[in-house]
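Survey of secondary and tertiary structure
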Amino acid sequence: MPLLVMKFGGTSVADLSRIKNAAAKVKTEVERGYDVIVIVSAMSGKTNELVGWVESTSPLYDAREYDAVVSSGENVTAGLMALTLQEMDIPARSWQGWQVPIQTTSAHAAARFVDIPRANMDAKFAEGFKVAVVAGFQGVSPEGRITTLGRGGSDTTAVAFAAAFGAERCDIYTDVDGVYTTDPRISPKARKLDKIAFEEMLELASLGAKVLQTRSVELAMRYKVRLRVLSSFEDTDETSGTLVCDEDEIMESKVVSGVAYSRDEAKMTLIRVADRPGVASAIFGPLAEAGVNVDMIVQNISETAAGHSGATTDMTFSVPVNQVARARKAMEEARATGSISYDELVEDTDVAKVSVVGIGMRSQVGVAARMFAALAAENVNIKVIATSEIKISVLIDRKYMELAVQALHDAFELEKA
Ligand code: ASP
Ligand code: MG
(Lines give C-alpha, C1' and ligand atoms only; values in the text may rest on other atoms or scores of the structure.)
(Ligands and ions follow the chains in the order given, each with its own letter.)
Protein backbone atom coordinates (compact mmCIF):
# COMPACT_ATOMS: atom_id res chain seq x y z
CA MET A 1 0.00 0.00 0.00
CA PRO A 2 1.45 3.43 -0.87
CA LEU A 3 1.97 5.54 2.21
CA LEU A 4 1.82 9.26 2.89
CA VAL A 5 2.90 11.26 5.92
CA MET A 6 0.70 14.28 6.66
CA LYS A 7 1.74 16.71 9.38
CA PHE A 8 -0.58 19.32 10.87
CA GLY A 9 0.93 22.22 12.79
CA GLY A 10 -0.56 24.01 15.80
CA THR A 11 -2.76 26.48 13.94
CA SER A 12 -4.12 23.66 11.75
CA VAL A 13 -5.43 21.84 14.84
CA ALA A 14 -6.18 24.91 16.96
CA ASP A 15 -9.75 23.86 17.78
CA LEU A 16 -12.20 21.03 17.15
CA SER A 17 -13.48 22.43 13.88
CA ARG A 18 -9.96 22.78 12.52
CA ILE A 19 -9.18 19.22 13.59
CA LYS A 20 -12.27 18.19 11.59
CA ASN A 21 -11.02 20.15 8.61
CA ALA A 22 -7.62 18.46 8.87
CA ALA A 23 -9.26 15.04 9.25
CA ALA A 24 -11.21 15.66 6.03
CA LYS A 25 -7.89 16.12 4.21
CA VAL A 26 -6.67 12.82 5.64
CA LYS A 27 -9.89 11.15 4.51
CA THR A 28 -9.34 12.38 0.96
CA GLU A 29 -5.93 10.70 0.85
CA VAL A 30 -7.30 7.45 2.33
CA GLU A 31 -9.97 7.44 -0.38
CA ARG A 32 -7.22 7.87 -2.95
CA GLY A 33 -5.76 4.59 -1.70
CA TYR A 34 -3.07 5.66 0.74
CA ASP A 35 -2.26 4.43 4.19
CA VAL A 36 -1.53 7.58 6.15
CA ILE A 37 0.69 8.45 9.08
CA VAL A 38 -0.58 11.71 10.54
CA ILE A 39 1.77 13.70 12.74
CA VAL A 40 0.16 16.32 14.94
CA SER A 41 1.42 19.31 16.89
CA ALA A 42 -0.17 20.61 20.06
CA MET A 43 -3.12 22.96 19.57
CA SER A 44 -1.68 26.44 18.94
CA GLY A 45 -0.53 28.21 22.08
CA LYS A 46 -0.67 25.01 24.13
CA THR A 47 3.06 24.29 24.24
CA ASN A 48 3.81 27.87 25.33
CA GLU A 49 1.25 27.52 28.10
CA LEU A 50 2.78 24.25 29.28
CA VAL A 51 6.30 25.70 29.22
CA GLY A 52 5.01 28.64 31.28
CA TRP A 53 3.50 26.30 33.86
CA VAL A 54 6.78 24.43 34.22
CA GLU A 55 8.82 27.62 34.60
CA SER A 56 6.41 29.06 37.18
CA THR A 57 6.51 25.86 39.20
CA SER A 58 10.25 25.35 39.13
CA PRO A 59 12.63 27.94 37.66
CA LEU A 60 15.54 25.49 37.58
CA TYR A 61 13.34 22.65 36.48
CA ASP A 62 14.26 19.00 36.08
CA ALA A 63 14.37 18.63 32.27
CA ARG A 64 12.82 15.15 32.46
CA GLU A 65 9.70 16.60 34.07
CA TYR A 66 9.71 19.52 31.64
CA ASP A 67 9.46 16.94 28.85
CA ALA A 68 6.76 15.00 30.69
CA VAL A 69 4.62 18.13 30.87
CA VAL A 70 5.46 19.82 27.59
CA SER A 71 4.97 16.68 25.46
CA SER A 72 1.39 16.33 26.66
CA GLY A 73 -0.06 18.89 24.25
CA GLU A 74 0.55 16.58 21.32
CA ASN A 75 -1.06 13.64 23.13
CA VAL A 76 -4.34 15.54 23.35
CA THR A 77 -4.36 16.41 19.66
CA ALA A 78 -3.44 12.86 18.63
CA GLY A 79 -6.35 11.38 20.57
CA LEU A 80 -8.80 13.98 19.29
CA MET A 81 -7.64 13.48 15.70
CA ALA A 82 -8.07 9.70 15.98
CA LEU A 83 -11.58 10.17 17.41
CA THR A 84 -12.50 12.62 14.66
CA LEU A 85 -11.34 10.16 11.99
CA GLN A 86 -13.28 7.34 13.65
CA GLU A 87 -16.39 9.53 13.52
CA MET A 88 -15.78 9.71 9.76
CA ASP A 89 -15.66 5.88 9.61
CA ILE A 90 -11.93 5.76 9.04
CA PRO A 91 -10.09 3.08 11.02
CA ALA A 92 -7.59 5.18 12.96
CA ARG A 93 -5.77 5.10 16.29
CA SER A 94 -3.40 7.37 18.14
CA TRP A 95 0.23 6.63 19.01
CA GLN A 96 2.28 8.33 21.69
CA GLY A 97 6.02 8.28 21.15
CA TRP A 98 6.78 5.46 23.60
CA GLN A 99 4.15 3.21 22.02
CA VAL A 100 5.79 3.19 18.60
CA PRO A 101 8.44 3.36 20.19
CA ILE A 102 10.18 6.48 18.89
CA GLN A 103 13.65 5.95 20.31
CA THR A 104 15.67 9.09 21.00
CA THR A 105 18.77 10.17 22.88
CA SER A 106 18.40 11.26 26.52
CA ALA A 107 19.11 14.93 25.73
CA HIS A 108 15.91 16.22 27.29
CA ALA A 109 14.24 19.15 25.50
CA ALA A 110 16.70 18.66 22.62
CA ALA A 111 16.56 14.94 21.95
CA ARG A 112 17.56 13.38 18.64
CA PHE A 113 16.15 10.33 16.90
CA VAL A 114 17.96 7.05 17.35
CA ASP A 115 15.49 4.69 15.69
CA ILE A 116 11.86 4.30 14.72
CA PRO A 117 11.19 0.55 14.57
CA ARG A 118 8.33 -0.20 12.20
CA ALA A 119 7.02 -3.48 13.60
CA ASN A 120 4.26 -2.25 15.94
CA MET A 121 2.77 0.15 13.47
CA ASP A 122 3.12 -2.18 10.48
CA ALA A 123 1.19 -4.81 12.45
CA LYS A 124 -1.69 -2.38 12.99
CA PHE A 125 -1.78 -1.38 9.32
CA ALA A 126 -1.88 -5.11 8.50
CA GLU A 127 -4.89 -5.50 10.82
CA GLY A 128 -6.77 -2.96 8.73
CA PHE A 129 -6.06 0.38 10.34
CA LYS A 130 -5.78 3.00 7.61
CA VAL A 131 -4.43 5.87 9.67
CA ALA A 132 -1.85 6.08 12.47
CA VAL A 133 -2.02 9.39 14.30
CA VAL A 134 1.33 10.08 15.96
CA ALA A 135 1.98 12.70 18.63
CA GLY A 136 4.78 14.82 17.16
CA PHE A 137 7.72 16.37 19.01
CA GLN A 138 8.26 13.48 21.45
CA GLY A 139 10.00 10.17 21.97
CA VAL A 140 11.41 7.92 24.66
CA SER A 141 14.97 7.78 25.97
CA PRO A 142 17.05 4.63 26.60
CA GLU A 143 16.20 5.16 30.29
CA GLY A 144 12.50 4.91 29.44
CA ARG A 145 11.76 8.59 30.08
CA ILE A 146 9.67 10.80 27.78
CA THR A 147 11.76 13.19 25.68
CA THR A 148 11.00 16.15 23.41
CA LEU A 149 12.89 17.26 20.32
CA GLY A 150 13.11 21.03 20.73
CA ARG A 151 10.59 23.65 19.70
CA GLY A 152 9.12 23.11 16.27
CA GLY A 153 10.15 19.45 16.52
CA SER A 154 7.02 17.90 15.06
CA ASP A 155 8.24 18.83 11.57
CA THR A 156 11.24 16.64 12.28
CA THR A 157 9.01 13.84 13.58
CA ALA A 158 7.12 13.94 10.29
CA VAL A 159 10.25 13.69 8.15
CA ALA A 160 11.68 10.90 10.33
CA PHE A 161 8.50 8.83 9.87
CA ALA A 162 8.50 9.49 6.13
CA ALA A 163 12.08 8.20 5.99
CA ALA A 164 11.47 5.19 8.25
CA PHE A 165 8.34 4.09 6.38
CA GLY A 166 9.45 4.99 2.86
CA ALA A 167 6.56 7.41 2.38
CA GLU A 168 5.84 8.64 -1.12
CA ARG A 169 5.85 12.20 0.24
CA CYS A 170 5.72 14.14 3.49
CA ASP A 171 3.07 16.87 3.41
CA ILE A 172 3.49 19.62 6.00
CA TYR A 173 0.17 21.42 6.46
CA THR A 174 0.54 24.85 7.99
CA ASP A 175 -0.98 28.34 7.96
CA VAL A 176 0.87 29.56 4.88
CA ASP A 177 0.40 28.17 1.39
CA GLY A 178 4.05 27.49 0.66
CA VAL A 179 7.58 28.81 0.67
CA TYR A 180 8.00 32.31 -0.76
CA THR A 181 10.85 34.10 -2.50
CA THR A 182 10.90 36.33 0.57
CA ASP A 183 8.63 37.32 3.44
CA PRO A 184 5.41 38.65 1.81
CA ARG A 185 4.98 41.01 4.77
CA ILE A 186 8.16 42.77 3.69
CA SER A 187 7.88 42.58 -0.07
CA PRO A 188 4.39 42.49 -1.54
CA LYS A 189 6.00 41.15 -4.72
CA ALA A 190 7.04 37.95 -2.97
CA ARG A 191 6.09 34.92 -5.06
CA LYS A 192 5.26 31.41 -3.96
CA LEU A 193 7.79 28.89 -5.24
CA ASP A 194 6.54 25.66 -6.84
CA LYS A 195 9.77 23.86 -6.02
CA ILE A 196 12.85 24.55 -3.98
CA ALA A 197 15.98 22.43 -3.51
CA PHE A 198 16.78 20.95 -0.08
CA GLU A 199 19.97 22.98 0.18
CA GLU A 200 18.22 26.23 -0.60
CA MET A 201 15.48 25.48 1.90
CA LEU A 202 18.09 24.68 4.49
CA GLU A 203 19.67 28.09 4.01
CA LEU A 204 16.31 29.83 4.06
CA ALA A 205 15.15 27.89 7.14
CA SER A 206 18.29 28.65 9.11
CA LEU A 207 18.28 32.26 7.96
CA GLY A 208 14.95 32.89 9.56
CA ALA A 209 12.23 31.78 7.13
CA LYS A 210 10.29 30.10 9.91
CA VAL A 211 8.23 27.68 7.83
CA LEU A 212 10.08 24.49 8.75
CA GLN A 213 12.31 23.46 11.62
CA THR A 214 15.86 23.42 10.21
CA ARG A 215 16.52 19.91 11.45
CA SER A 216 13.56 18.58 9.51
CA VAL A 217 15.09 19.89 6.28
CA GLU A 218 18.48 18.41 7.14
CA LEU A 219 16.85 15.06 7.71
CA ALA A 220 14.79 15.30 4.52
CA MET A 221 17.93 16.08 2.55
CA ARG A 222 19.85 13.19 4.06
CA TYR A 223 17.10 10.63 3.37
CA LYS A 224 15.80 12.31 0.20
CA VAL A 225 12.30 12.68 1.61
CA ARG A 226 10.17 14.79 -0.73
CA LEU A 227 8.66 17.42 1.47
CA ARG A 228 5.69 19.58 0.60
CA VAL A 229 4.61 22.70 2.47
CA LEU A 230 0.96 23.65 1.99
CA SER A 231 -1.95 25.36 3.68
CA SER A 232 -4.54 23.50 5.70
CA PHE A 233 -6.91 26.46 5.32
CA GLU A 234 -7.36 26.08 1.57
CA ASP A 235 -8.64 23.45 -0.80
CA THR A 236 -5.52 21.64 -1.89
CA ASP A 237 -4.58 19.03 -4.48
CA GLU A 238 -1.40 17.33 -5.69
CA THR A 239 -0.08 20.55 -7.18
CA SER A 240 -0.60 22.83 -4.17
CA GLY A 241 2.09 24.33 -2.01
CA THR A 242 5.84 24.18 -2.45
CA LEU A 243 7.76 20.95 -3.00
CA VAL A 244 11.13 20.79 -1.25
CA CYS A 245 13.08 18.24 -3.25
CA ASP A 246 16.37 17.13 -4.70
CA GLU A 247 17.87 19.61 -7.11
CA ASP A 248 17.70 16.98 -9.88
CA GLU A 249 13.93 17.41 -9.79
CA ILE A 250 14.28 21.11 -10.54
CA MET A 251 14.83 21.55 -14.24
CA GLU A 252 15.84 25.14 -14.56
CA SER A 253 16.53 27.21 -11.52
CA LYS A 254 17.09 30.91 -11.29
CA VAL A 255 20.43 32.17 -10.02
CA VAL A 256 18.80 33.40 -6.85
CA SER A 257 15.72 31.65 -5.42
CA GLY A 258 15.06 33.73 -2.37
CA VAL A 259 16.02 36.61 -0.12
CA ALA A 260 16.19 35.80 3.57
CA TYR A 261 16.74 38.02 6.57
CA SER A 262 17.47 37.81 10.22
CA ARG A 263 16.55 40.91 12.15
CA ASP A 264 18.17 40.56 15.56
CA GLU A 265 21.87 40.36 14.89
CA ALA A 266 24.79 42.08 16.58
CA LYS A 267 28.32 42.78 15.41
CA MET A 268 31.21 42.57 17.86
CA THR A 269 34.78 43.66 17.11
CA LEU A 270 37.88 42.97 19.14
CA ILE A 271 40.26 45.84 18.42
CA ARG A 272 43.98 45.18 18.15
CA VAL A 273 44.16 41.53 19.01
CA ALA A 274 47.70 40.20 19.18
CA ASP A 275 48.14 38.44 15.83
CA ARG A 276 49.83 35.10 16.37
CA PRO A 277 49.10 31.45 15.62
CA GLY A 278 46.22 30.16 17.74
CA VAL A 279 44.54 33.51 18.29
CA ALA A 280 41.32 32.60 16.46
CA SER A 281 41.07 29.43 18.45
CA ALA A 282 41.68 31.37 21.68
CA ILE A 283 38.74 33.65 20.80
CA PHE A 284 36.21 31.28 19.31
CA GLY A 285 36.92 28.39 21.67
CA PRO A 286 35.64 30.29 24.74
CA LEU A 287 32.70 31.66 22.73
CA ALA A 288 31.68 28.14 21.74
CA GLU A 289 32.06 26.93 25.32
CA ALA A 290 29.82 29.77 26.47
CA GLY A 291 27.18 28.56 23.99
CA VAL A 292 27.46 31.65 21.79
CA ASN A 293 26.23 31.08 18.26
CA VAL A 294 28.83 32.86 16.12
CA ASP A 295 27.79 33.31 12.52
CA MET A 296 29.94 35.58 10.35
CA ILE A 297 33.65 36.08 11.06
CA VAL A 298 36.02 38.61 9.52
CA GLN A 299 39.67 39.03 10.39
CA ASN A 300 41.29 42.24 9.24
CA ILE A 301 44.69 42.48 7.68
CA SER A 302 47.19 42.82 10.49
CA GLU A 303 49.10 45.97 11.23
CA THR A 304 51.89 46.96 13.53
CA ALA A 305 50.47 49.66 15.74
CA ALA A 306 52.23 52.14 17.95
CA GLY A 307 52.54 50.89 21.50
CA HIS A 308 52.38 47.24 20.46
CA SER A 309 55.43 45.05 20.17
CA GLY A 310 54.06 42.64 17.59
CA ALA A 311 51.47 42.82 14.83
CA THR A 312 47.82 43.18 15.78
CA THR A 313 44.57 42.58 13.96
CA ASP A 314 40.89 43.41 14.40
CA MET A 315 38.55 40.47 14.65
CA THR A 316 34.85 40.99 13.87
CA PHE A 317 32.08 38.45 14.33
CA SER A 318 28.31 38.42 14.45
CA VAL A 319 26.09 36.84 17.10
CA PRO A 320 22.34 36.92 17.86
CA VAL A 321 21.65 40.15 19.71
CA ASN A 322 20.45 38.35 22.84
CA GLN A 323 23.84 36.62 23.18
CA VAL A 324 25.95 39.78 23.25
CA ALA A 325 26.25 39.89 27.04
CA ARG A 326 27.30 36.26 27.17
CA ALA A 327 29.86 36.79 24.40
CA ARG A 328 31.28 39.87 26.14
CA LYS A 329 31.66 37.95 29.40
CA ALA A 330 33.47 35.10 27.62
CA MET A 331 35.88 37.60 26.00
CA GLU A 332 36.54 39.50 29.22
CA GLU A 333 37.26 36.26 31.05
CA ALA A 334 39.63 35.08 28.32
CA ARG A 335 41.42 38.42 28.51
CA ALA A 336 41.65 38.18 32.31
CA THR A 337 43.32 34.77 32.10
CA GLY A 338 45.77 36.10 29.52
CA SER A 339 44.77 33.67 26.77
CA ILE A 340 43.90 36.62 24.48
CA SER A 341 44.77 40.30 24.50
CA TYR A 342 42.92 43.17 22.85
CA ASP A 343 42.54 46.91 23.34
CA GLU A 344 38.81 47.26 23.11
CA LEU A 345 35.59 45.35 22.42
CA VAL A 346 33.20 47.34 20.22
CA GLU A 347 29.56 46.28 19.98
CA ASP A 348 27.01 47.24 17.35
CA THR A 349 23.61 45.86 18.34
CA ASP A 350 21.58 47.57 15.60
CA VAL A 351 22.36 45.32 12.67
CA ALA A 352 20.42 42.83 10.58
CA LYS A 353 21.52 40.17 8.15
CA VAL A 354 20.16 39.96 4.63
CA SER A 355 21.05 37.08 2.32
CA VAL A 356 20.41 35.94 -1.20
CA VAL A 357 20.24 32.18 -1.71
CA GLY A 358 20.27 30.03 -4.81
CA ILE A 359 21.85 26.84 -6.14
CA GLY A 360 22.18 28.61 -9.51
CA MET A 361 25.01 30.67 -7.98
CA ARG A 362 27.33 27.70 -8.30
CA SER A 363 27.46 28.12 -12.06
CA GLN A 364 26.89 31.86 -12.45
CA VAL A 365 29.31 34.68 -11.88
CA GLY A 366 28.48 38.24 -10.93
CA VAL A 367 25.85 37.53 -8.31
CA ALA A 368 27.74 39.35 -5.57
CA ALA A 369 28.36 42.33 -7.84
CA ARG A 370 24.67 42.54 -8.65
CA MET A 371 23.75 42.31 -4.99
CA PHE A 372 26.16 45.02 -3.91
CA ALA A 373 25.09 47.31 -6.76
CA ALA A 374 21.45 47.00 -5.71
CA LEU A 375 22.34 47.91 -2.12
CA ALA A 376 24.56 50.77 -3.24
CA ALA A 377 21.73 52.19 -5.34
CA GLU A 378 19.67 52.43 -2.15
CA ASN A 379 22.58 53.90 -0.22
CA VAL A 380 22.70 50.95 2.14
CA ASN A 381 26.10 50.56 3.72
CA ILE A 382 27.45 47.01 4.01
CA LYS A 383 29.27 46.26 7.27
CA VAL A 384 30.23 42.62 6.88
CA ILE A 385 30.05 40.22 3.95
CA ALA A 386 30.10 36.44 4.05
CA THR A 387 29.66 33.99 1.21
CA SER A 388 29.16 30.30 0.68
CA GLU A 389 28.64 28.27 -2.45
CA ILE A 390 24.93 29.07 -2.65
CA LYS A 391 24.54 32.13 -0.44
CA ILE A 392 25.78 35.69 0.00
CA SER A 393 25.02 37.43 3.29
CA VAL A 394 25.58 40.99 4.38
CA LEU A 395 25.23 42.74 7.71
CA ILE A 396 23.63 46.17 7.46
CA ASP A 397 21.99 48.70 9.77
CA ARG A 398 18.74 47.20 10.99
CA LYS A 399 16.69 50.22 9.94
CA TYR A 400 17.48 49.46 6.28
CA MET A 401 16.57 45.80 6.44
CA GLU A 402 13.15 46.03 4.76
CA LEU A 403 14.52 48.35 2.09
CA ALA A 404 17.39 45.97 1.37
CA VAL A 405 15.11 42.94 1.10
CA GLN A 406 12.85 44.78 -1.36
CA ALA A 407 15.76 46.09 -3.40
CA LEU A 408 17.31 42.64 -3.71
CA HIS A 409 13.99 41.03 -4.57
CA ASP A 410 13.66 43.57 -7.40
CA ALA A 411 17.28 43.30 -8.53
CA PHE A 412 17.04 39.54 -9.03
CA GLU A 413 13.53 39.80 -10.51
CA LEU A 414 12.19 37.24 -8.09
CA GLU A 415 8.61 38.25 -8.79
CA LYS A 416 8.98 36.54 -12.19
CA ALA A 417 8.78 32.76 -12.38
N1 ASP B 1 4.28 21.85 19.90
C2 ASP B 1 5.70 21.99 19.77
C3 ASP B 1 6.09 23.44 19.70
O4 ASP B 1 5.25 24.31 19.77
C5 ASP B 1 6.24 21.23 18.61
C6 ASP B 1 5.71 21.64 17.27
O7 ASP B 1 4.60 22.15 17.17
O8 ASP B 1 6.40 21.42 16.29
O9 ASP B 1 7.24 23.76 19.60
MG1 MG C 1 6.12 24.62 13.41
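Residues numbered from 1 in each chain as written. Chains lettered and ligands numbered in written order. Predicted model: local features only at pLDDT ≥ 70, side-chain atom pairs only at ≥ 80, totals over all residues. Heavy atoms only, no water.

1. Things to note about the sheet that holds strand β11 (residues 227–231)
- One open sheet accounts for 8 strands, arranged β3-β6-β2-β1-β9-β11-β12-β10; its pairing is mixed. Of all the strands in the sheet, the pair left with one neighbour each is β3 (92–95) and β10 (195–197). If you compare each strand with its neighbour and ignore which way they point, the axes differ by 20° on average.
- Relative to strand β12 (residues 242–245), β10 is paired through 3 bridges, and the arrangement is parallel. Its bridge partner lying in β12, Ile196 is registered against Val244.
- Docked against the sheet, helix α1 (residues 16–31) engages β1 (3–8), β2 (35–40), β6 (131–135), β9 (169–174) and β11, running at close to 170° with respect to β1. (Pairing = 2+ DSSP bridges. Helix = DSSP H or I, 4+ residues; strand = E, 2+ residues; numbered from the N terminus. Axes fitted to C-alpha atoms, helices over the stretch in contact; angles between N-to-C directions. Contact = heavy atoms within 4.5 Å.)

2. Details of the site of ligand 1
- In the neighbourhood of ligand 1, the contacting residues comprise Ser41, Ala42, Thr47, Glu74, Phe137, Arg151, Gly152, Gly153 and Ser154.
- The separation between an oxygen atom of ligand 1 and a polar side-chain atom of Ser41 is 2.8 Å.
- Contacts to ligand 1 include Ser154, whose side-chain N or O atom sits 2.5 Å from an oxygen atom.
- For ligand 1, the accessible surface in isolation is 260 Å², of which the surrounding protein chains cover 85%.
- Residue composition of the shell around ligand 1, grouped by class: 2 nonpolar, 5 polar and 2 charged. (Near = heavy atom within 4 Å. Polar contact = N/O pair within 3.5 Å; in protein donor to acceptor, adjacent residues only side chain to side chain. Areas by Shrake-Rupley, 256 points an atom, 1.4 Å probe, with all protein chains shown as cover. Nonpolar A, V, L, I, M, F, W, Y, C, P; charged D, E, K, R; others polar.)

3. Considering helix α9 (residues 279–289)
- Of all the positions in α9, only Val279, Ala282, Ile283, Phe284 and Leu287 are classed as buried.
- Buried residues along α9 sit in contact with β13 (258–274), β14 (297–299), β15 (312–320) and α10 (324–336). (Buried < 20%, exposed > 50% of the residue type's maximum accessible area, 1.4 Å probe, protein only.)

4. Side note on the packing of helix α11 (residues 367–377) against helix α12 (residues 401–411)
- Look at α11 against α12: their axes get within 9 Å of each other, and the N-to-C directions meet at 130°. As summarised for this structure, α11 and α12 are arranged oblique, according to the angle between their axes. Crossing of α11 against α12: the hand is right-handed. When α11 is examined against α12, the residues Arg370, Met371, Ala374 and Leu375 are found in contact with a partner set consisting of Ala404, Ala407, Leu408 and Ala411. (Parallel < 35°, antiparallel > 145°, perpendicular 65-115°, else oblique. Left-handed = near helix turned anticlockwise from the far one by under 90°.)

5. A look at the nonpolar core
- Formed by 39 residues in total, the largest nonpolar core has its most connected members in Val5, Ile37, Met121, Phe161 and Cys170.
- When neighbours within four sequence positions are excluded, Cys170 is seen to be in contact with Val5, Ala158, Val159, Ala162, Val225, Arg226, Leu227 and Arg228.
- Counting 25 residues, the second-largest nonpolar core is a separate cluster that includes Met6, Ile19, Val40 and Leu230. (Core = buried A, V, L, I, M, F, W, Y, C linked by side-chain atoms within 4.5 Å.)

6. Description of the environment of Glu347
- By the element assignment, Glu347 lies in strand β16 (residues 344–357).
- Setting aside chain neighbours within four positions, we find Glu347 in contact with Lys267, Met268, Val324 and Arg328.
- Side-chain polar atoms of Glu347 contact the side chain of Arg328, separated by 2.7 Å.

7. Overview of the pattern of salt bridges
- The final tally for this structure, using the stated rule, is 29 salt bridges.
- Put simply, Glu247 and Arg362 hold a salt bridge, and the shortest N to O gap is 3.1 Å. Here Glu247 is found in the loop between β12 and β13, whereas its partner Arg362 is found in the loop between β16 and α11, with 115 residues between them in sequence.
- Looking at Glu247, the relative accessible area reads 31%, which means it is partly exposed.
- Judged by relative accessible area, Arg362 falls into the partly exposed class, the value being 34%.
- One salt bridge connects Asp348 with Lys383, and the closest N-O pair in it is separated by 2.6 Å. On the criterion of sequence distance, the pair formed by Asp348 in strand β16 and Lys383 in the loop between α11 and β17 (384–388) is long-range, its members being 35 residues apart.
- With a relative accessible area of 31%, Lys383 lands in the partly exposed category.
- Through salt bridges with shared partners, a single ionic network connects Glu199, Glu247, Arg362 and Glu389. (Salt bridge = Lys/Arg side-chain N within 4 Å of Asp/Glu carboxyl O.)

8. Some remarks on the side chain of Lys391
- Within the fold, Lys391 resides in strand β18 (residues 391–397).
- Taking relative accessible area as the criterion, Lys391 reaches 15% and is therefore assigned buried.
- A distance of 3.3 Å separates polar atoms of two side chains, one belonging to Lys391 and the other to Glu203.

9. Focus on the packing of aromatic side chains
- Evaluated as defined, the whole model comprises 4 aromatic pairs.
- Ring geometry for Tyr61 against Tyr66: centres 5.0 Å apart, planes inclined by 20°, an arrangement best described as stacked.
- Of the residues examined, Tyr61 reaches a relative accessible area of 30% and is grouped as partly exposed.
- Classification of Tyr66 as buried rests on a relative accessible area of 9%. (Phe/Tyr/Trp six-rings, centres within 6.5 Å; stacked < 30°, edge-to-face > 60°.)

10. Remarks on the environment of Ala407
- Structurally, Ala407 is set in helix α12.
- Looking at Ala407, the relative accessible area reads 11%, which means it is buried.
- Note: C-alpha distance between Ala407 and Ala373 (34 residues apart in sequence) is 10.0 Å.
- The contacts of Ala407, once residues within four sequence positions are left out, are Ala374 and Glu378.

11. Points about α11
- All of the buried residues along α11 are Val367, Met371, Ala374 and Leu375. Buried residues in α11, looked at end-on, bunch into an arc of 95°, giving them a common side. The exposed set on the far side of α11, more than 90 degrees from its buried face, consists of Ala369 and Ala377.
- At its buried positions, α11 is contacted by β16, β18 and α12.
- Of the residues one or two after α11, Asn379 is the one with positive phi, at around 65°. (Arc of directions from axis to C-beta.)

12. Looking at the sheet that holds β15
- Read across the open sheet, the 6 strands follow the order β14-β15-β13-β16-β18-β17; overall the sheet is antiparallel. Each of the sheet's edge strands pairs with one partner strand only, and the pair in question is β14 and β17. Neighbouring strand axes in the sheet, compared pairwise and without regard to direction, differ in orientation by 25° on average.
- Both β17 and β18 contribute to a ladder of 5 bridges, which runs antiparallel. Paired with Ser388 across the two strands is Lys391, which belongs to β18.
- Of the strands in this sheet, β16, β17 and β18 touch α11, which is tilted by about 20° from β18.

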